[in-house]
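Listed here are the chains, written in short residue letters.
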Amino acid sequence: MKQILQSLRTGAAEVADVPCPAVKRGQLLIRSTHTLVSAGTERMLVEFGQAGWIEKARQQPEKVRMVLDKLKTDGLVPTVEAVFNKLDQPLPLGYCNLGTVLEVGAQVGAGLSGFAVGDRVVSNGKHAEVVSVPVNLCAKVPDAVSDEAAAFTVLGAIGLQGIRLVAPTLGEAVVVTGLGLIGLVTVQLLRAQGCRVLGIDLDAEKLVLARRFGAEVVNPAAGEDPLAAAETFSRGRGVDAVIITASTRSSEPVHQAALMCRKRGRIVLVGVTGLELSRADFYEKELTFQVSCSYGPGRYDPNYEDKGQDYPLAFVRWTEQRNLEAVLDMMARGALDVKPLISHRFALEEAERAYAVVAGIEPSLGILLEYPGPEVQSDQALQAATVRLSPTPVTTDVARRPAVGFVGSGGYATAILIPAFKAAGAQLVSVASSTGVSGMYAGRKFGFAETTTDTDRLFSNKELDAVVISTRHDSHARFVLRALEAGKHVFVEKPLCLTPEDLARIAQAHEAALDRKKALHLMVGFNRRFSPLVQKMKKLLGGAVGPKALVMTVNAGAIPSDHWTQDPEVGGGRILGEACHFIDLLRYLAAAPIGKHSRSVMSGPTGDTVTLQLGFDDGSIGTIHYFANGPKTFPKERLEVFTAGRVLRLDNFRTLTGFGWPSFRRQRLWRQDKGQQACAAAFVTALREGGPPPIPVEELLEVSRVSIELAGVSVLSANERK
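Residues numbered from 1 in each chain as written. Predicted model: local features only at pLDDT ≥ 70, side-chain atom pairs only at ≥ 80, totals over all residues. Heavy atoms only, no water.

## A word on the overall build of the protein chain
Inference 1: When you go through the protein chain residue by residue, the secondary structure sums to 24 helices and 31 strands.
Inference 2: In terms of overall size, the protein chain behaves like a compact globule, its C-alpha atoms giving a radius of gyration of 29 Å where 722 residues would be expected to give roughly 27 Å.
Inference 3: Counting only C-alpha atoms, the protein chain reaches 90 × 60 × 50 Å along its principal axes.
Inference 4: In the protein chain, which comprises 722 residues, the proportion classed as buried is 53%.
Inference 5: Carbon and sulfur atoms form 53% of the exposed surface of the protein chain, whose accessible area is close to 31200 Å².
Inference 6: Averaged over its 81 positive side-chain charges, the protein chain has a centre that lies 6 Å from the centre of its 76 negative ones. (Helix = DSSP H or I, 4+ residues; strand = E, 2+ residues; numbered from the N terminus. Rg over C-alpha atoms; globule rule 2.2 N^0.38 Å. Buried < 20%, exposed > 50% of the residue type's maximum accessible area, 1.4 Å probe, protein only. Areas by Shrake-Rupley, 256 points an atom, 1.4 Å probe, with all protein chains shown as cover. Lys, Arg positive; Asp, Glu negative; His and termini not counted. Charge placed at Lys NZ, Arg CZ, Asp CG, Glu CD.)

Right, dumping it as structure tokens:
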């Protein structure tokens, strides 16, 4: 299928061949007929991409601070690589989609309030021939609403949510500052609620439209004074409310709104402005100021959007989905007319011309993209899940170049794992992703033969020797089991799994492969043990006599409680999802099984500031301080090993210092090296040469078991604290 992608590095838009997305549980697979270009948002993205490095930094100061923090802790080269990798990734554009349902995912209700194949629906889907969208971000289109009009629904919901926050009453005087698409829709919706409206904009043509929709208007570009106009408009009382739908870096619209308002007036920001607020503006009049969040309640709530958990209507009358329905109802009644807002129509193949208009080569307002219908391309052809990227045949001689497929192509996979496997000499055959975009990017950048959204294809592909799994944690066990059952070697990013039951099934599946005389390698991405400085530590410790005391300090940093890694069902929590790295590292350096373990948790909402204690069978002891309450400017990881009157200290995988070692004082690397490349190379070498697995399976299972048990205790402790 075709999809519009934008380069953040250059701002250029392209129509790319992308695999059709797979419909997930709680989602609809939709064939697009029309999408609307959001001129404000998408123009900002184009301008950001076209800007130089200095201007990019000026536009996103918070990102600059993150880069500087990373520079202090990780060094120059890793920081530069991370920035370039982020800018290289294509950005899917669009969020105003109209189409027909091709497929209904599991757990999507049918009937009067549900969805069925063939339904005409609006959604916040991208500019793509086929999109997969969570059901709570979709709404059925009434028969009385045309396709072109329905494409404006999502923008309409943004304006409507701003109105709901203002809570206007019949007869109130409301100012709309900024008469772009959202502003002009907002004018009409306010008029439909019986409000008097004053529109402010610098564009005379937009003012004509606002007047046509029943608003009074003022044009500062023509020398008209907005404050004087508002004074007259409000009959000398001050306006009741101001809705700002403009896009500008200036704080002037907010200041102007405050001056226009009556005492206890309301200001809602729907657009984007500077936010240097004057206390005096708000204090004397007791004004309220609020920023509107997109389409309404539920936005950015993973339980509502991803898991389909609707808010009870009795308590949350207007959600994202119900706002979409309300806008469609207004269109069906004729109270909202968007036809005059359409300035351009382009076929999908003309997307580059459309974005040239967005960039400002000619005046524009509503730009519609039209998609080819079934008479041009069948649904079956459109839903092709695999795109061939290279005609190069796969070499079947595993002794030379093992053939590898990737399940998952997110940020870590594209920045670290895939380059590491390529450098190790693996054949990159197939890369699977759920949406298709990240897989297409990884496939083109690293030279995969194909990209797909059909994950089953990798496990049934007889050309593949191994599968690399780099998806979210809750899917690891399922994919590991499928790979082992299919006779594939497996490299899975940590953690191996999230539950004791899954761990037992994986152990049984690996044992069953051995019973079939199929020596399959099972590898977890515990890369830190492969770091060159850790290897040096291992060599030095090999000459020391007696047990060791190991202390690992990790300045992990805070992650919000609603992040997917904190979700016990999806990420497993940070102890299981991240601290397992350090459990493995200490297990490797102690060179003895973990006989006992315990942990202490600092009270807090997430329970991710912990101290883990490990006792090893040889008498060694280990402590892992995994802290989420430190500053980003403090080094991230430090390891100290005390043994036989000597100490080794590893700082952030860049500097190793010895104390009391007769032949070793210090080793410093020119850049941080956590062992990711060496870890992948060890796995590829084991496949190519047929040697033993880089990490014994018994150790992987042991570390996974201990991590699960420590995480399980942490969850119980969190419940006890409640």
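## Some thoughts on helix H14 (residues 351-358)
Inference 1: The complete set of buried residues in H14 reads Ala351, Ala354, Tyr355, Val357 and Val358. Here the buried residues of H14 occupy an arc of 150° about the axis, which is enough to place them on one side. Opposite its buried face, H14 presents the exposed residues Glu352 and Arg353, each directed more than 90 degrees away.
Inference 2: Phi for glycine 360, located one or two positions after H14, is positive at around 110°. (Arc of directions from axis to C-beta.)

## Some points on the pattern of salt bridges
Here the idea is simple: oppositely charged side chains can pair when their charged atoms come close.
Inference 1: The full count for this structure, using the stated rule, is 27 salt bridges.
Inference 2: Notably, a salt bridge pairs glutamate 450 with arginine 388, separated by 3.4 Å at the nearest N-O pair. Highlighted residues: glutamate 450 in strand E20 (residues 450-452) and arginine 388 in strand E17 (residues 386-388), separated in sequence by 62 residues.
Inference 3: Assessed through its relative accessible area of 2%, glutamate 450 is described here as buried.
Inference 4: Beyond isolated ion pairs, a larger network of salt bridges with shared partners links Glu172, Asp240, Arg262 and Arg266. (Salt bridge = Lys/Arg side-chain N within 4 Å of Asp/Glu carboxyl O.)

## Focus on the sheet that holds strand E28 (residues 637-643)
Inference 1: An order of E25-E26-E27-E24-E28-E29-E30-E31 is seen for the 8 strands of this open sheet, with the pairing classed as mixed. Each edge of the open sheet is held by one strand with a lone partner, namely strand E25 (594-601) and strand E31 (666-668). Here the average twist between neighbouring strands, direction ignored, is 10°.
Inference 2: Sheet topology note: the E28/strand E29 (residues 646-651) ladder contains 6 bridges and is antiparallel. When the bridges of E29 are listed, leucine 639 appears paired with leucine 650.
Inference 3: The strands touched by helix H21 (residues 532-541) within the sheet are E28, E29, strand E30 (655-659) and E31, with E29 carrying the most contacts at an inclination of about 170°. (Pairing = 2+ DSSP bridges. Axes fitted to C-alpha atoms, helices over the stretch in contact; angles between N-to-C directions. Contact = heavy atoms within 4.5 Å.)

## Some words on the environment of proline 593
Inference 1: Inspection of the secondary structure assignment puts proline 593 in the loop between helix H22 (574-590) and E25.
Inference 2: For proline 593, a relative accessible area of 37% gives the class partly exposed.
Inference 3: Spatially, the C-alpha atoms of proline 593 and proline 297 are 50 Å apart, while their sequence positions differ by 296 residues.

## So, the nonpolar core
Inference 1: By size, the foremost hydrophobic cluster in this structure holds 99 residues, and its most contacted members are Phe406, Phe421 and Leu589.
Inference 2: In terms of residue count, the dominant contributor to this core is H22 (11 residues).
Inference 3: If we ignore the near neighbours within four places in the chain, the residues touching phenylalanine 406 are Leu417, Ile418, Phe421, Leu428, Ser430, Val431, Ala432, Phe448, Leu458, Val468 and Ser470.
Inference 4: Leu29, Val122, Val154 and Leu155 belong to the second-largest nonpolar core, a separate cluster that totals 77 residues. (Core = buried A, V, L, I, M, F, W, Y, C linked by side-chain atoms within 4.5 Å.)

## Things to note about empty space enclosed by the protein
Inference 1: By the definition in use, this model includes 2 cavities of 30 Å³ or more.
Inference 2: A volume near 40 Å³ is recorded for the largest cavity.
Inference 3: Lining of the largest cavity is provided by Pro495, Leu496, Cys497, Phe526, Leu576, Cys580, Val703, Ser704, Ser707 and Ile708.
Inference 4: Listing elements by their share of the lining of the largest cavity, those giving two or more residues are H22 and helix H24 (697-721).
Inference 5: Residue contributions to the lining of the largest cavity peak at 4 residues, all from H24.
Inference 6: Partitioning the lining of the largest cavity into residue classes produces 8 nonpolar, 2 polar and no charged.
Inference 7: Tyr412, Leu417, Phe491, Glu493, Gly525, Asn527, Gln676, Cys679 and Ala680 together form the lining of the second largest cavity.
Inference 8: If you list the elements that add at least two residues to the lining of the second largest cavity, you get helix H16 (411-423) and helix H23 (676-689). (1 Å grid on protein atoms, 1.4 Å probe; cavity = no way out; pocket = protein on both sides within 12 Å on 5 of 7 lines; lining within 4 Å. Points joined across faces, edges and corners; volume = space filled by probe spheres on them. Nonpolar A, V, L, I, M, F, W, Y, C, P; charged D, E, K, R; others polar.)

## Here's the deal with the pairing of strand E24 (residues 549-555)
Consecutive side chains along a regular strand alternate between the two faces of the sheet.
Inference 1: Relative to strand E27 (residues 621-627), E24 is paired through 7 bridges, and the arrangement is parallel. By the bridge assignment for E27, threonine 553 is matched with histidine 625.
Inference 2: Note that E24 and E28 share 6 bridges and pair antiparallel. In the sheet register, threonine 553 faces E28, and the bridge partner there is arginine 638.

## Focus on a nonpolar patch on the surface
Inference 1: A grouping of Leu275, Leu277 and Val291 is seen on the molecular surface, where their side chains present a nonpolar patch of about 260 Å² in accessible area.
Inference 2: Positionally, valine 291 belongs in strand E14 (residues 288-291).
Inference 3: On the accessibility criterion, valine 291 (47% relative accessible area) is partly exposed. (Patch = residues over 30% accessible without salt bridge, like charges linked within 9 Å, V, L, I, M, F, W, Y side chains within 5 Å.)

## Points about the state of the cysteines
Inference 1: Scanning the model with the defined rule gives 0 disulfides in all.
Inference 2: No disulfide involves cysteine 138; its sulfur sits 13 Å from that of cysteine 96, the nearest cysteine.
Inference 3: Take cysteine 261: it sits in no disulfide, and the sulfur closest to it among the cysteines is that of cysteine 195, at 13 Å. (Disulfide = S-S within 2.5 Å.)

## Some words on the side chain of serine 32
Inference 1: Within the element layout of this structure, serine 32 appears in strand E3 (residues 27-37).
Inference 2: Among the residues examined, serine 32 registers a relative accessible area of 2% and is labelled buried.
Inference 3: A polar side-chain atom of serine 32 sits 2.8 Å from a polar atom in the side chain of asparagine 97. (Polar contact = N/O pair within 3.5 Å; in protein donor to acceptor, adjacent residues only side chain to side chain.)

## Digging into the sheet that holds strand E2 (residues 13-17)
Inference 1: Read across the open sheet, the 3 strands follow the order E2-E1-E4; overall the sheet is antiparallel. Because the sheet does not close on itself, it has two edges, and the strands there are E2 and strand E4 (91-92).
Inference 2: In terms of strand pairing, strand E1 (residues 2-6) meets E2 through 5 bridges, oriented antiparallel. What sits directly across from glutamine 6, in E2, is alanine 13.
Inference 3: Here helix H17 (residues 437-446) sits on the sheet in contact with E1, E2 and E4, set at roughly 90° to E2.

## Structural notes on the pairing of strand E22 (residues 489-492)
Inference 1: Here E22 shows two buried faces, one formed by His489 and Phe491 and the other by Val490 and Val492.
Inference 2: Bridge count for strand E21 (residues 466-469) against E22 is 4 bridges, and the pairing is parallel. Across the sheet, the residue bridging to valine 468 is phenylalanine 491, located in E22.
Inference 3: A crossover connection joins E21 to the parallel E22 through helix H19 (residues 476-485); in handedness this β-α-β unit is right-handed.
Inference 4: Relative to strand E23 (residues 522-524), E22 runs parallel, the two sharing 3 bridges. Within E23, the residue paired with phenylalanine 491 across the bridge is methionine 523. (Right-handed = clockwise from strand over helix to strand, strands pointing away.)

## Some points on the packing of aromatic side chains
Inference 1: Counted under the stated rule, the structure contains 9 aromatic pairs.
Inference 2: A centroid spacing of 6.2 Å and a plane angle of 80° characterise the contact between phenylalanine 282 and phenylalanine 289, whose relative ring orientation is edge-to-face.
Inference 3: Using a relative accessible area of 25% as the deciding quantity, one classes phenylalanine 289 as partly exposed.
Inference 4: Members of the aromatic cluster, connected to one another through ring pairs, are Phe406, Phe421, Phe448, Phe491 and Phe683.
Inference 5: One residue, arginine 478, lies across the ring of phenylalanine 479, its end atom 4.6 Å from the ring centre.
Inference 6: The positively charged end of arginine 671 is found above the aromatic ring belonging to tryptophan 670, 5.9 Å away from the centroid. (Phe/Tyr/Trp six-rings, centres within 6.5 Å; stacked < 30°, edge-to-face > 60°. Lys NZ or Arg CZ within 6 Å of the ring centre and 35° of its normal.)

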